[in-house]
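# Observations on the model geometry
Here's the letter readout for the chains.
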Amino acid sequence: MRAGGVIAYPTESCYGLGCDPRNHRAIRTLLDIKQRHWNKGLIIIAASVEQIDCYIDREQFSMSKILQSWPGPTTWILPAAEGVSHYLRGIHSGIAVRVTDHPLASLLCRTCRSPIVSTSANPEGKPPALSANGVRRYFGDKVDLVIEGQLGELERPTPIYDGVSGKR
């Protein structure tokens, strides 16, 4: 990932595609692989709140409710810090973030010493891949690395809440 690669890895409910959120070229490659338009935005996952601090504007909301759900399988849309890439935000003013408790996904963030992009491993409009083989069937050699591992226990994608209003 540090060299701009795109990886696939297990998350709480399905396989995800990820890359370095600071690397615009890698993000564009990921979006091309997934056939996803940039304007939708992406989720970033982290191993700790500290890893996402530079991506969010804490002055616009309270972290108390959010911290009660983390680490865990809850994604929050929070006001984005100034300068956060439109490739991450899409056409939105906020950014979707999660401090994951999935052991492998969290380990990836700790190993990389940064958050990583996390979007479901599927071409736009197809169901998410639930296995490493499913990722390979969808993308072949377009993904630089497929990490095999167990999915979390969720049957559906993580719920997404607005961090300012609290609404789902």
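Note that the coordinates shown come from a computational prediction; the quantities given were computed from them, not determined experimentally.

### Description of the pairing of strand S1 (residues 7-10)
A two-sided burial pattern is seen for S1, the buried positions comprising Ile7 and Tyr9 on one face and Ala8 and Pro10 on the other. Note: S1 against strand S2 (residues 15-18), four bridges, orientation antiparallel. Within the sheet, the bridge partner assigned to Tyr9 lies in S2 and is Gly16. Adjacent in sequence and paired antiparallel, S1 and S2 are bridged by four residues.

### Considerations on the pairing of S2
A two-sided burial pattern is seen for S2, the buried positions comprising Tyr15 and Leu17 on one face and Gly16 and Gly18 on the other. Of the strand pairs in this sheet, S2 and strand S6 (residues 116-120) are connected by two bridges, and their pairing is antiparallel. From the neighbouring strand, Leu17 faces S6, where its bridge partner is Thr119.

### Overview of the pattern of salt bridges
One pass over the structure, following the stated rule, counts five salt bridges. Residues Arg22 and Asp20 are paired through a salt bridge, measuring 3.0 Å at the closest nitrogen-oxygen approach. Judged by its relative accessible area of 10%, Asp20 falls in the buried class. Across the pair Asp53 and Arg58 runs a salt bridge whose closest N-O atoms are separated by 3.0 Å. Using a relative accessible area of 33% as the deciding quantity, one classes Asp53 as partly exposed.

Criteria and cut-off values
- Residues numbered from 1 in each chain as written.
- Predicted model: local features only at pLDDT ≥ 70, side-chain atom pairs only at ≥ 80, totals over all residues.
- Heavy atoms only, no water.
- Buried < 20%, exposed > 50% of the residue type's maximum accessible area, 1.4 Å probe, protein only.
- Helix = DSSP H or I, 4+ residues; strand = E, 2+ residues; numbered from the N terminus.
- Pairing = 2+ DSSP bridges.
- Salt bridge = Lys/Arg side-chain N within 4 Å of Asp/Glu carboxyl O.

None of this, on its own, says anything about what the molecule does.
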